[in-house]
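# Summary of the model geometry
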Amino acid sequence: MAGPSGASLKTRRPRCACSRPAIRAATGGLLGTASEHSTLTLLAPGLLALACAVLAARILPYLARPVLRLTRRHGGIGPFLAARRLARGTGPAATLIVLVNSLGLVTFATAAWSSARTNHTEVALTQLGADTVLSVSAPSSAALADAVRQIDPAGTSAVAVTARRLPAGATATMIAVDPVRFAQVAYWRDDLASRPLPELLESIAVAGLAEPVLLTGSRLRASVQLQASPRGLYYRLVAQVHVPGSRTLRQVQFGELRDRRQVRQEAALPGCREGCELRGLTAEVAGQEPGSNPALSTVRLRVADLQIRTPDGWQPVDAGFTRSAAWRSQEPETADGVRPGSAGLILEFFPIGRIQAIPNTHPDPLPALTTGGTQPDPFGAAVVGLDGAVLAIAPVERTGGLPGVAGAGVLVDQKLAERAAFGQSEPTGYEVWCAPGAADRVATELEAAGIPVIGQQRAADLAMRFGSQGPGLALRLLLAVAAAAALLATGATAIELYATSRRRGYELAALAAVGAKRRSLRTGLLLEHAVILGAAAVVGPLAGLAAAWSVVSKVPTFAVTPITPPLRYPIEPGTIAIAAGAALLLAVVTTIVMTEATTRAARAEQLREGPG
């Protein structure tokens, strides 16, 4: 068949369309939109590879045409034969189309599979929080933190975490952590927030707070003085005490205050022999003298000190009454009414109401990192705390995902969250997050320290479960199909070469009979196949990469798309190069073997038989 004419070469220049809309149009709209996930998109790579293969087969003869004149005078018989064979285009076109299709499919399948594998790993690590998570039974977070600190003094292998995990959609998961150690162990992707994780953790840790006021004894005594008040009213001081195991505060009432003398008042503390926590002091009007008509003026009450009754007698309680910022008002509108000072804690209020002072052990609301939802604050102003009660939060930053959170959730300072809670309730529990390679050692040493390990989860196992779901299995099947396509393409190439070997052998025998050297004939065949393989090595992977660039983000990779973290679709050049290189190497070896067989089979005796 004659090659294309010079006129057609000028008027039929191929144009390459590389934009996503053009590729989407070329594939019949199978690519969908950026937000669509459909298995129909898997048809697009094959169509795109076929289109590129046909285009390459049409262009190759035009590219070979300028070489025809050059090979008449230079290069010898080998390049002369290869250039004319390529310019004819009939035989090489079929081989080129098959190879481009197979290499394009191998490239796309490898890109889709490796991208899904990356997503499975990243989602597993983010939702679990670290490489390995150990669920443990510990008496308290402090005991667990001390044990972990002894096991890993540097803080690079393990961190103790208090977690309240709930099913996605039920409510916000809460992860309470030690900000200093957490950043060294937890898995974090830099694209999840505008700042690095250590900097984010610094923003939820609040310094300068008071320590909890602990009460261990049977009775509580306060030195109280009524410094200013309207005549005709009398008052009382009430302490709010948290007893371990209780979900409410116990109201401990002292005696009445009727004059301005400093008095010592006592009250019983049932259930506090093993330790309670003072959560507040309330000053309020207890009653009115008969026949009095009190004026509306400020009431000022001073609490000088506290003492606790122990088996050894009365012991002072360090309540921080004289330290600035150690106490604050429970209500923002009465903030000026609570003033620690050198003489004690001053409480001021109007007699129509009351005032409650609380130890400044934690901020209210609690600073938190949030994730999930479509609004900056997807949970409103509060979440469920470690004790199952409502906890006010102040979102510091909304992130694309948080370690240990599978859906909506918050990450808070462990110490502050525990101070704001009345203990813990189900499903809150203790965990130890471990860096890669540290889980077995940490688990063994925890058991030796008397902290049983009751469960273990590995990110690798979770990623494997993701990969065993329907979409993951489909991508594995696609990879297997691509490998089979590469084998079939190699077989088709071998069959094509074998089918034409008799006719090509006759041509080579004729040339050998007139003096052409076997080395030159072999060179001609190898050059011809090298050009075809080279074109396939360029066009096939490029078509596969173009399809991956446009399609991979729309191919489902999870049975249920995760809420967090956002999925990424990286193209791994190394993995793709290995897969495409293996397919191409198989075709190259087959071509070399068949070329050598054709060359060796070219003998003068074939001229008697005809081309066949």
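Our structure's up above, just so we're on the same page.
Attention in this report is confined to the structure presented alongside it. (Residues numbered from 1 in each chain as written. Predicted model: local features only at pLDDT ≥ 70, side-chain atom pairs only at ≥ 80, totals over all residues. Heavy atoms only, no water.)

### Considering the pattern of salt bridges
Between side chains of opposite charge, a pair can form when the charged atoms approach closely. If you walk through the whole model with that rule in mind, you get 25 salt bridges. For Arg258, the salt bridge identified is with Glu289, shortest N-O distance 2.6 Å. Pair noted here: Arg258 is in the loop between β7 (250–257) and β8 (262–268) and Glu289 is in the loop between β9 (276–288) and β10 (299–310), with a separation of 31 residues, a long-range link. A residue is classified by how much of its surface remains accessible, and Glu289, at 31% relative accessible area, is partly exposed. Taken together, the salt bridges that share partners define one network made up of Glu122, Arg189, Asp191 and Arg568. (Salt bridge = Lys/Arg side-chain N within 4 Å of Asp/Glu carboxyl O. Helix = DSSP H or I, 4+ residues; strand = E, 2+ residues; numbered from the N terminus. Buried < 20%, exposed > 50% of the residue type's maximum accessible area, 1.4 Å probe, protein only.)

### Looking at the state of the cysteines
For the structure on display, the rule yields 1 disulfide. Between the sulfur atoms of Cys272 and its disulfide mate Cys276 the distance is 2.0 Å. Here the disulfide of Cys272 and Cys276 is left-handed, its torsion about the S-S bond being about -100°. Assigned by exposure class, Cys272 and Cys276 land together as buried. (Disulfide = S-S within 2.5 Å.)

### Notes on the packing of aromatic side chains
Evaluation of the coordinates by the stated rule reveals 4 aromatic pairs. Here Phe321 and Trp327 contribute two aromatic rings whose centre-to-centre distance is 5.4 Å and whose plane-to-plane angle is 50°, an arrangement assigned as tilted. The exposure class assigned to Phe321 is buried, which follows from its relative accessible area of 4%. According to the relative accessible area criterion, Trp327 is buried, its value standing at 3%. Against the face of Trp314 rests Arg221, its NZ or CZ located 4.1 Å from the ring centre. Positioned over the ring face of Tyr234 is Arg258, at 3.7 Å from the centre of the ring. (Phe/Tyr/Trp six-rings, centres within 6.5 Å; stacked < 30°, edge-to-face > 60°. Lys NZ or Arg CZ within 6 Å of the ring centre and 35° of its normal.)

### A look at unusual backbone geometry
Residues apart from glycine generally show negative phi values, whereas peptide bonds are mostly found in trans. Cis geometry is adopted by the peptide bond preceding Pro365, which originates at Asp364 and carries an omega value of 5°. Note that the residue after Glu426, namely Pro427, is joined by a cis bond; omega there is 5°. Assignment of secondary structure puts Pro427 in the loop between α9 (414–420) and β20 (428–434). Positive phi is not limited to glycine here, since Ala325 has a value of about 70°. Structurally, the position occupied by Ala325 is in the loop between β11 (313–317) and β12 (327–329).

### Some details on helix α11 (residues 459–467)
What α11 keeps buried is the set Ala459, Leu462, Ala463, Phe466 and Gly467. Taken around the axis of α11, the buried residues stretch over an arc of 145°, which confines them to a single face. Exposed residues pointing more than 90 degrees away from the buried face of α11 are listed as Ala460 and Met464. (Arc of directions from axis to C-beta.)

### Focus on the side chain of Glu397
Position of Glu397 relative to the elements: it lies in strand β18 (residues 390–399). Among the polar contacts listed, one links the side chain of Glu397 to the side chain of Ser194, at a separation of 2.8 Å. Among the polar contacts made by the side chain of Glu397, one reaches the side chain of Arg195 at a distance of 3.2 Å. Setting aside residues no more than four positions away along its own chain, Glu397 makes contact with Ala193, Ser194, Arg195, Leu200, Ala368, Leu369 and Thr370. (Polar contact = N/O pair within 3.5 Å; in protein donor to acceptor, adjacent residues only side chain to side chain. Contact = heavy atoms within 4.5 Å.)

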